[in-house]
Amino acid sequence: MTKPAFNRDGILSPAERVASARKCLALLTPEVESMGDREAQFVNEMSDKIDRWGVTERQLAWLRDLVGKYAQ
């Protein structure tokens, strides 16, 4: 049986999620000024906390959505 959305632990390793999030953040950082307050705050917090806390599937999904919205 497939895993429901946002309950996909084990699909990517924690290190793979962090690597993917770093790529997203690299694309998003130049775009922070054009984001809404909530989105900009999320990107800034992720940039500060990713090395210490890692990233969840849900956070990575939001980062990927933001890349699609702002970095294309």
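In the block above lies the structure referred to throughout.
What comes next is a walk through the structure. These figures come from a predicted structure and were not determined experimentally.

**Concerning the overall build of the chain**
If you tally the helices and strands in the chain, you get three helices and zero strands. Along its sequence from the N terminus, the chain presents helices and strands in the succession α-α-α. Sorting the 72 residues of the chain into buried and exposed places 31% on the buried side. Expressed as a percentage of contacts within the chain between residues at least 6 apart in sequence, the contacts between residues at least 24 apart total 69%.

**A few points about the nonpolar core**
Counting 18 residues, the largest nonpolar core has L28, V43 and L63 as its most contacted members. For this core, the secondary-structure elements that each account for two or more residues are α1 (14-28), α2 (37-53) and α3 (57-70). Beyond its immediate sequence surroundings of up to four residues, L28 is in contact with M35, V43, L63, L66, V67 and Y70.

**Here's the deal with the packing of α1 against α3**
One can describe the packing of α1 onto α3 by two numbers: an axis separation of 9 Å at closest approach and a directional angle of 30°. As the angle between them shows, α1 and α3 are arranged roughly parallel. In the packing of α1 onto α3, the handedness of the crossing is left-handed. Facing α1, whose interface residues are R17, S20, A21, C24, L25, L27 and L28, α3 presents E57, L60, L63, R64, L66, V67 and Y70. When its residues are assigned to classes, the contact of α1 with α3 shows 10 nonpolar, one polar and three charged.

Conventions and cut-offs
- Residues numbered from 1 in each chain as written.
- Predicted model: local features only at pLDDT ≥ 70, side-chain atom pairs only at ≥ 80, totals over all residues.
- Heavy atoms only, no water.
- Helix = DSSP H or I, 4+ residues; strand = E, 2+ residues; numbered from the N terminus.
- Buried < 20%, exposed > 50% of the residue type's maximum accessible area, 1.4 Å probe, protein only.
- Contact = heavy atoms within 4.5 Å.
- Core = buried A, V, L, I, M, F, W, Y, C linked by side-chain atoms within 4.5 Å.
- Axes fitted to C-alpha atoms, helices over the stretch in contact; angles between N-to-C directions.
- Parallel < 35°, antiparallel > 145°, perpendicular 65-115°, else oblique.
- Left-handed = near helix turned anticlockwise from the far one by under 90°.
- Nonpolar A, V, L, I, M, F, W, Y, C, P; charged D, E, K, R; others polar.

The values are spatial; any link to function lies outside them.
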